[in-house]
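# Structural overview for review
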Amino acid sequence: GAVVSQHPSRVICKSGTSVKIECRSLDFQATTMFWYRQFPKQSLMLMATSNEGSKATYEQGVEKDKFLINHASLTLSTLTVTSAHPEDSSFYICSARASGGAYNEQFFGPGTRLTVL
Amino acid sequence: AQSVAQPEDQVNVAEGNPLTVKCTYSVSGNPYLFWYVQYPNRGLQFLLKYITGDNLVKGSYGFEAEFNKSQTSFHLKKPSALVSDSALYFCAVRDSGNNDMRFGAGTRLTVKP
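The rules behind the values
Residues numbered from 1 in each chain as written. Chains lettered and ligands numbered in written order. Predicted model: local features only at pLDDT ≥ 70, side-chain atom pairs only at ≥ 80, totals over all residues. Heavy atoms only, no water. Buried < 20%, exposed > 50% of the residue type's maximum accessible area, 1.4 Å probe, protein only. Helix = DSSP H or I, 4+ residues; strand = E, 2+ residues; numbered from the N terminus. Pairing = 2+ DSSP bridges. Contact = heavy atoms within 4.5 Å. Buried area = accessible area lost by both parts, 1.4 Å probe. Salt bridge = Lys/Arg side-chain N within 4 Å of Asp/Glu carboxyl O. Polar contact = N/O pair within 3.5 Å; in protein donor to acceptor, adjacent residues only side chain to side chain. Nonpolar A, V, L, I, M, F, W, Y, C, P; charged D, E, K, R; others polar. Axes fitted to C-alpha atoms, helices over the stretch in contact; angles between N-to-C directions. Phe/Tyr/Trp six-rings, centres within 6.5 Å; stacked < 30°, edge-to-face > 60°.

The next subject is the pairing of strand β1 (residues 4-7) of chain A. Residues and elements named next belong to chain A. Of the two faces of β1, only one is covered, namely that formed by Val4 and Gln6; the face formed by Ser5 and His7 stays uncovered. Pairing geometry for β1 and strand β3 (residues 19-25), over 4 bridges, is antiparallel. Directly across from Ser5, in β3, lies its bridge partner Arg24.

So, in structure tokens, the structure goes:
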């Protein structure tokens with residue numbers, strides 16, 4: 001299957017700082033990328049959907065000014081957690097959907113563990 | 001909007017016994033159904049999917065799932081469990097209108113030797 005990478009895999013930061021997480025589709029073009037958040041022992045919750053060149057669509061309850069999403073190219077989306085606080089500590093997983101074809105399969109990155117002190 | 005229910009938080013089976021992890025879904029159109037497995041501090045690993053065709057879908061590591069339209073279910077099965085199958089399993093659904101994927105709450109499978 002296609003490969004989606006995330007960088008960094010782990011990040012620890014101080015409260016009040018901003019953290020950027022990159023999501024790349026390595027061998028295909030992704031017109032749509034998704035960002036999920038997973039708290040310990042819970043399921044993946046969709047945060048936002050981004051289409052290349054357009055503003056992201058955020059799920060209800062997700063602050064768009066806090067979680068900035070940029071999908072500037074068909075292979076790269078970034079999630080920036082601004083002014084991070086301990087309650088933002090979570091496992092963030094991105095997913096990319098290939099363009100074209102009768103069925104657009106969705107591939108998942110390995111996740112980024114964010115810890116805010 | 002689509003949704004998924006995994007009624008069991010935890011499933012325990014003995015090694016060598018068959019296992020079943022349950023999943024039911026709700027969509028407005030035709031469902032695309034998926035199973036993923038997650039090991040601690042790792043991302044999701046794809047196991048199998050149902051898009052169309054045969055109701056019995058075979059996937060990775062000996063897993064299979066059966067699509068049952070009348071019961072709106074997509075239970076994951078394996079004839080003989082391994083200790084290494086112990087992990088968190090997620091069922092997910094998209095409707096054929098190409099909306100985003102929604103996940104169930106997850107089921108923790110523990111296979112005891």
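Contacts between chain B and chain A engage 22 residues on the former and 21 residues on the latter. Taken together, both faces of the contact between chain B and chain A bury some 1,600 Å²; the carbon and sulfur share is 49%. Counting the surface chain B buries against chain A, the share from its top three residues, Asn41(B), Leu44(B) and Phe103(B), is 26%. The interface formed by chain B and chain A holds 1 salt bridge in total. Counting every contact that joins chain B to chain A gives 5 residue pairs in polar contact (both at pLDDT 80 or more). Sorting elements by how many residues they give to the side of chain B that touches chain A places strand β5 (residues 31-38) of chain B first, with 4 residues. By residue class, the composition of the side of chain B that touches chain A is 11 nonpolar, 6 polar and 5 charged.

Residues and elements named next belong to chain A. Reading across the sheet, the 4 strands line up as β1-β3-β8-β7 and stay open at both edges, with antiparallel pairing between neighbours. Edge positions in the sheet fall to β1 and β7 (67-73), since each has one partner strand and no second. Along the sheet, successive strands turn relative to each other by an average axial angle of 15°, direction set aside.

This paragraph deals with the packing of aromatic side chains. The full count for this structure, using the stated rule, is 13 aromatic pairs over all chains. When the ring of Phe34(B) is compared with that of Tyr36(B), the centres are 6.3 Å apart and the planes differ by 25°; the resulting orientation is stacked. In terms of burial, Phe34(B) and Tyr36(B) fall into one category: buried. With 4.2 Å between their ring centres and 20° between their planes, Tyr50(B) and Phe67(B) make a pair best called stacked. Pair noted here: Tyr50(B) is in strand β6 (residues 44-50) and Phe67(B) is in strand β8 (residues 64-68), with a separation of 17 residues, a long-range link. The same class applies to Tyr50(B) as to Phe67(B), namely buried. Ring pairing ties together the aromatic residues Tyr36(A), Phe108(A), Phe34(B), Tyr36(B), Phe46(B), Phe90(B) and Phe103(B), which thus form one cluster.

Let us now look at the environment of Gly61(A). Mapped onto the secondary structure, Gly61(A) falls in the loop between β6 (57-58) and β7. Linking Gly61(A) and Lys14(A), residues 47 residues apart in sequence, is a C-alpha distance of 24 Å.

The next subject is the side chain of Ser77(A). All names here are of chain A. Within the fold, Ser77 resides in strand β8 (residues 76-81). Here Ser77 falls in the buried class, since its relative accessible area comes to 0%. Within the structure, Ser77 has its side chain in polar contact with the side chain of Trp35 (distance 3.1 Å). A polar contact of 3.4 Å, which involves the side chain of Ser77, links it to the backbone oxygen of Asn70.

Residues and elements named next belong to chain B. As for its position among the elements, Glu64 is in strand β8. At 2.8 Å, the side chain of Glu64 forms a polar contact with the side chain of Lys58. Sequence-distant contacts of Glu64, defined by excluding residues within four places in its chain, comprise Leu48, Leu56, Val57, Lys58, His75, Leu76 and Lys77.

Residues and elements named next belong to chain A. Burial along strand β2 (residues 10-13) is one-sided: the residues Val11 and Cys13 are buried and none of Arg10 and Ile12 is. One ladder, built from 4 bridges, connects β2 with strand β11 (residues 112-116); its direction is parallel. Note that in β11 the partner of Ile12 across the bridge is Thr115.

As a further point, take unusual backbone geometry. Excluding glycine, a negative phi dihedral is what most residues carry, and trans is how most peptide bonds are arranged. The residue after His7(A), namely Pro8(A), is reached through a cis peptide bond having omega 0°. Note that Pro8(A) resides in the loop between β1 and β2. With a phi close to 45°, Ser83(A) is a non-glycine residue in the positive phi region. Looking at the secondary structure, you find Ser83(A) in the loop between β8 and β9 (90-98). You will see that Tyr61(B), though not glycine, has its phi angle at about 60°, which is positive. For Tyr61(B), the position within the fold is in the loop between β7 (56-58) and β8.

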